[in-house]
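Listed below, chain by chain, are the residues.
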4 protein chains.
Amino acid sequence: MLFFENDYGEGAHERILERLRETNYEKLPGYETDRYCAQAREKIKKACDCPQGEVFFLAGGTQTNAVVIRSLLRPYEGVLAAKTGHISCHEAGAIEYTGHKVLELPEHQGKLQAREVEAYMKKFYGDESHEHMVFPGMVYISHPTEYGTLYSKEELEELYSVCAAYKLPLYVDGARLGYGLMSRETDVTLPILARCCDVFYIGGTKVGALCGEAVVFTKKNAPEHFMTLVKQQGALPAKGRLLGIQFDTLFTEGLYLELGRRAIETAELLKEAFRKNGYTFYLESPTNQQFLLLEDNQARQLSEEVCFSFWEKPDETHTIVRFVTSWATEKEDIEKLEKLLERCRKNAG
Amino acid sequence: MLFFENDYGEGAHERILERLRETNYEKLPGYETDRYCAQAREKIKKACDCPQGEVFFLAGGTQTNAVVIRSLLRPYEGVLAAKTGHISCHEAGAIEYTGHKVLELPEHQGKLQAREVEAYMKKFYGDESHEHMVFPGMVYISHPTEYGTLYSKEELEELYSVCAAYKLPLYVDGARLGYGLMSRETDVTLPILARCCDVFYIGGTKVGALCGEAVVFTKKNAPEHFMTLVKQQGALPAKGRLLGIQFDTLFTEGLYLELGRRAIETAELLKEAFRKNGYTFYLESPTNQQFLLLEDNQARQLSEEVCFSFWEKPDETHTIVRFVTSWATEKEDIEKLEKLLERCRKNAG
Amino acid sequence: MLFFENDYGEGAHERILERLRETNYEKLPGYETDRYCAQAREKIKKACDCPQGEVFFLAGGTQTNAVVIRSLLRPYEGVLAAKTGHISCHEAGAIEYTGHKVLELPEHQGKLQAREVEAYMKKFYGDESHEHMVFPGMVYISHPTEYGTLYSKEELEELYSVCAAYKLPLYVDGARLGYGLMSRETDVTLPILARCCDVFYIGGTKVGALCGEAVVFTKKNAPEHFMTLVKQQGALPAKGRLLGIQFDTLFTEGLYLELGRRAIETAELLKEAFRKNGYTFYLESPTNQQFLLLEDNQARQLSEEVCFSFWEKPDETHTIVRFVTSWATEKEDIEKLEKLLERCRKNAG
Amino acid sequence: MLFFENDYGEGAHERILERLRETNYEKLPGYETDRYCAQAREKIKKACDCPQGEVFFLAGGTQTNAVVIRSLLRPYEGVLAAKTGHISCHEAGAIEYTGHKVLELPEHQGKLQAREVEAYMKKFYGDESHEHMVFPGMVYISHPTEYGTLYSKEELEELYSVCAAYKLPLYVDGARLGYGLMSRETDVTLPILARCCDVFYIGGTKVGALCGEAVVFTKKNAPEHFMTLVKQQGALPAKGRLLGIQFDTLFTEGLYLELGRRAIETAELLKEAFRKNGYTFYLESPTNQQFLLLEDNQARQLSEEVCFSFWEKPDETHTIVRFVTSWATEKEDIEKLEKLLERCRKNAG
């Protein structure tokens, strides 16, 4: 069975496993006070060209979102996000559980538009009864988005400038950041990202780690006693080394970007394979998630030999599906997929 | 520097690392639906002689306590715990963050007494205005306790019978359960524990895993949609395999108990070393945490060559300290410690 | 200055003030255990033809919504509501503060459609990853809605039948219920309402009381220890008499409905006055809230002599405004308004 | 039946009822933006000699405590309070519901001691692992306390100076403040109180109002958008006039203090009556709550003719009970009680 279902189907890049083994018997202090966490912090700050950055490690995306968002919002505030944002729909209410509303904005292939954020703010403060409403207190975006799309440098700058004008911290969910940074169609680099937002996280879980996300506060703006909040929300690991060693490895000799590059390479091959065989893309994605619009029987047929995700049913006879490549996808996987697609085409023809 | 500071100073038992490597490229479904989680569940249920058990994996102790406790309490209820219970003092308010009060009871070397729980319940329901108070809704104990002490089978049965009489679920925090089970002075086994409580967790982080705790609901009483709660509280890992493979390994060929046994063995040697050299124990602990009452200058002197934890200052001139052994402690470590103690004694003499 | 801004601009119906004075020195037990609360409960149950009803008194709408909704939802659930529902937008995040998401559905002149609720439920349970999403756990509607519109008996029955099929409790916010019940275009009575939902509240604050809403659980389904939740959420008044006496008075000799009738009478006259003078209604409302689509300069001109609410700006040159009558509106107020409208028309003509 | 059960057994002082009637048909804006709220604010600030004060009105004590405490604490903080503090035990977990721990300190006849607060802070910051614990973030006291006792000016100053040194806001729950201010044994006035704390509330519900507490932030320290928090926690009344008119009346011509004085007068007579008849006081209270240590059969006998509160059972044969006077207690009530006590004494003798 071919596997294109997601980018967390394997364990970790082997260099990570090696480092875990090599360091296994070193006796290290707990709770992210060890030297590997320290090293990883330095390397990340350097990669971001952000010497004033403050870096923290958490184990997974949902907890990272919940902790960061809660730490930035005042109690009367909510977080602005696209209707399709991960926090809006796929985290089981984790943000509302912190007591805050997710204020939904329209999405454009998964992205927010700066001018719509601006319009929202103007309307909000123009409303006489806004003291009876949830104050918009920050902006959440994902990059790449849930649809694999990317903000351009210009879009990011525009959005950040609106945020700055309204004193809204901008937070970027980088669960798949590595794949975004290595897209062939992006002009956003780590330093640019660090410059254009207040806090973001570098996703490890989906980019070669066993688990782990690195939160970077970029403007000397880490909330006071942030680690106590992390602890209170149950997200502080006793063996911080597990996260420190992984990120230290990912940020040694450019491994993180290298893993991103690999997935993009196979994603581009995968796109070509689908294109050549006459498939329709639901939207143009320049990263490792590809969305296709299939006829229902096409989808059924493919699902017998490939693992992929069903996304949505736009009408009675079609299905939108997602194919994902990852750091661990091999070119051979794509070749096999291509053969399958050819076979399907012939059978259908 | 000798290391007796805690039991999470190393990585993981090497068999775990091996299994992670062996399984690394298997493509597995996420969120604890993979086969290793399934296998681990079966092995744990068997080890507990609890075929009807329901097993879930979480990454750490604080999140496990917060999720389990919240899942069992109704909104008007709080959790009864010893004043020294981990949830009472060392989790940064993680329980209160879920909206529930920790109702503190007196502790007896870290333990609750069944009759004090009973007295509390009687007083509570005898109070005419109890509808204006927090209802006691469950009981939390740790085994071993924060002082390394253990409940006897009889104490556990007594407590559970009081709990049953008042319909209070009994929850056992087993962060160090492996060390408790292998104590030379316990009559509590995994099956007995499973029988004498409603839910408990088997601690992995402190007993040989990189991270991970296995929650066991023992009476077909797992709350509905428990995994959605886990997700909502940010505790559901995408790569559930990381927990599944570890627990599968720990419960293969008795590794978990074997790791417990090792720490007890070195703990007993450590006790003897202290005893022989005339040290005073703060209390009698039959597990891997040992508490000593030192004179301040003794403490200072030892701290130059050994890592251990400062616990409390009972008076102006003394200090209570904690020495901990773990699955990774070697007999050589104890021998070195013994030599150090002898040297200190001679210098002092 | 004429006043049509809202229906809480005056104090209370004078019979209420009289009863407060008459009973002022009776020594009554606190926390809604007094005889007036008991009497009011009985009268309300009788008026609802709902002998098994359970009635509780709270002081205001937001707290009532927050307490009732929290009491019915399990922690992994959210509440379905129209995008324009009061809880969705005008309660400062009071529902999210309880930890629950408001799941927004499209609105049709303020109302939910049964078939859209059904479609939502089908889609939710059809989604393979629904365990990672907020479970829809109840339905909230307001009657009259925020736009003054009403559900017909048939619509209510349809909605309730969908709710029943999916085991979703249906909760009706009756902040302005009195005005809905006495509309000339409704076939919904108190007994019908009680039959067609699981819990609703009878609004006092906007229908002649100083404060107070009466919550009615209609199916012997009041949550356990509901008053403890009320207390915990800060909504239990020490002097429960203040609520008991008011509702006892409102439900004596049909005062509540009589107050509703009065506001409808003046609302109908107000509609006629606007219609005769060529104004455009934004929508058809059969209750005491009337929405008009004005040209901006019309709105400005009127606002010099009348208090009303600005609602929305549908485009650059128009404004939607709200005129409200209440139990305290006098026919003379309408006559004065009518003269003003005539004057405006002549000036414009 | 004589009534000494509590101080919220009657309605409101009649001047309040009169003012409610006189102003009943004035059309006033909602949500505490009316002129009576404004007037009351000014009068209160004047009475407190605190021109920079910021005054808000809430309906009851529990909601006031929950809103004020949540508004002052950062998410990683808890509130220090006496073990017997109202928020520690009699508010159904309302503070924990806001996500914050109540950190209990020993009580001395209901009072905190400045030096114990200081010792707590020193120990907390001395603990190496305090980042894993709940940070003490403010201090809560009640004045009078739950035992009717009072802080002296000196005690208050001392406590406030410790609070200031540790940047802990000091919050005073004044549910019964009027009775404290008029005690014959106090040197604390409203201006002194305003000077010696960061925020306090002037209790109305128990001192002559139908409901209502006036929160005074004394140091230009009202949290941003405080009213939005009040709304979010369900505590903002649509008819703010109900609170404004009451406090305006209470602070006109010294009515509030006058009501306090009356309860003290009858309390002193009540004390004398008990003393003359040989009763034992559980503790010395200089305010309107009096605690007596009765033999069980004494308690039973009295309860046949008087309403009072059972407080606690200190041993098998005794009961501690509470007798309360209020603004509405008449001298005749005391005379009747005195006769009863005499009768009891004779029967016993």
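Residues numbered from 1 in each chain as written. Chains lettered and ligands numbered in written order. Predicted model: local features only at pLDDT ≥ 70, side-chain atom pairs only at ≥ 80, totals over all residues. Heavy atoms only, no water.

**What about the pattern of salt bridges?**
Here's step 1: Scanning the model with the defined rule gives 84 salt bridges over all chains in all.
Here's step 2: Of the charged contacts, one joins A:Lys271 and A:Glu268 as a salt bridge, the two residues approaching to 3.5 Å between their closest N and O atoms. Placement of the pair is A:Lys271 and A:Glu268 together in helix H12 (residues 255-276), with a separation of three residues, close to one helical turn.
Here's step 3: Assessed through its relative accessible area of 2%, A:Lys271 is described here as buried.
Here's step 4: Using a relative accessible area of 16% as the deciding quantity, one classes A:Glu268 as buried.
Here's step 5: Close ionic contact of C:Lys111 with C:Glu155 constitutes a salt bridge, the shortest N to O distance being 2.9 Å. Of the two residues, C:Lys111 is situated in the loop between strand E4 (102-105) and helix H6 (114-126) and C:Glu155 in helix H7 (residues 153-165); the sequence distance between them amounts to 44 residues.
Here's step 6: Since its relative accessible area comes to 15%, C:Lys111 is described here as buried. (Salt bridge = Lys/Arg side-chain N within 4 Å of Asp/Glu carboxyl O. Helix = DSSP H or I, 4+ residues; strand = E, 2+ residues; numbered from the N terminus. Buried < 20%, exposed > 50% of the residue type's maximum accessible area, 1.4 Å probe, protein only.)

**Observations concerning the interface of chain C and chain A**
Reports of interface size often rely on the accessible area that becomes lost once the parts have come together.
Here's step 1: With 17 residues of chain C in contact, the opposing surface of chain A contributes 17 residues.
Here's step 2: Each partner contributes to the roughly 1400 Å² buried at the junction of chain C and chain A, and carbon and sulfur atoms together form 50% of this total.
Here's step 3: Inspection of the chain C/chain A interface yields two salt bridges.
Here's step 4: Among the ionic pairs, C:Glu96 bridges to A:Lys101, the shortest N-O distance being 2.8 Å.
Here's step 5: In this structure, the connection of chain C to chain A is made through eight residue pairs in polar contact (both at pLDDT 80 or more).
Here's step 6: Mapped onto the side of chain C that touches chain A, the elements with two or more residues apiece are helix H4 (86-89), helix H5 (94-97) and E4 of chain C.
Here's step 7: Along the lines of polarity and charge, the residues of the side of chain C that touches chain A split into six nonpolar, seven polar and four charged. (Contact = heavy atoms within 4.5 Å. Buried area = accessible area lost by both parts, 1.4 Å probe. Polar contact = N/O pair within 3.5 Å; in protein donor to acceptor, adjacent residues only side chain to side chain. Nonpolar A, V, L, I, M, F, W, Y, C, P; charged D, E, K, R; others polar.)

**Comments concerning the interface of chain C and chain D**
Here's step 1: With 43 residues of chain C at the contact, the number on the chain D side is 43 residues.
Here's step 2: For the chain C and chain D pair, buried surface summed over both sides reaches about 4200 Å², with 55% attributable to carbon and sulfur atoms.
Here's step 3: It is C:Lys27, C:Tyr97 and C:Lys239 in chain C that bury the most area against chain D; as a group they hold 19% of the surface buried on that side.
Here's step 4: Linking chain C with chain D are two salt bridges.
Here's step 5: Between C:Glu10 and D:Lys27 there is a salt bridge, with the nearest N and O atoms lying 2.3 Å from each other.
Here's step 6: At the boundary of chain C with chain D, the tally comes to 24 residue pairs in polar contact (both at pLDDT 80 or more).
Here's step 7: Only helix H1 (14-22), helix H3 (61-72), H5, helix H10 (226-232) and helix H11 (241-250) of chain C provide two or more residues apiece to the side of chain C that touches chain D.
Here's step 8: Per-element accounting of the side of chain C that touches chain D gives the leading share, five residues, to H1(C).

**Considering unusual backbone geometry**
Residues and elements named next belong to chain A.
Here's step 1: Between histidine 143 and the following residue, proline 144, the backbone shows a cis peptide bond with an omega angle of -5 degrees.
Here's step 2: Residue position: proline 144 is located in the loop between strand E5 (135-142) and helix H7 (153-165).
Here's step 3: Backbone geometry places alanine 92, a non-glycine residue, at a positive phi of 55 degrees.
Here's step 4: In this structure, glutamine 109 takes a positive phi of about 50 degrees despite not being glycine.
Here's step 5: Its relative accessible area of 41% is what places glutamine 109 among the partly exposed residues.

**Things to note about the relation of the copies chain C and chain A**
Here's step 1: Each copy superposes on the other: chain C lies on chain A with an RMSD of 0.0 Å after a rotation of 180 degrees and an axial shift of 0.0 Å. The superposition of one copy onto the other is thereby described by a two-fold rotation axis.
Here's step 2: When you check the interface residues of chain C against chain A, 100% turn up at the interface there too, and the contact is symmetric in its surfaces. (Least-squares fit on C-alpha atoms with pLDDT ≥ 70 in both.)

**A short note on the sheet that holds strand E10 (residues 289-295) of chain D**
Residue and element names in this part refer to chain D.
Here's step 1: Reading across from one edge, E9-E10-E13-E12 is the order of the four strands in this open sheet, with antiparallel pairing throughout. Edge positions in the open sheet fall to strand E9 (280-281) and strand E12 (309-312), since each of these has one partner strand only.
Here's step 2: Here E10 pairs with strand E13 (residues 318-324) via seven bridges, running antiparallel. Across the sheet, residue glutamine 290 finds its bridge partner in E13, namely phenylalanine 323. (Pairing = 2+ DSSP bridges.)

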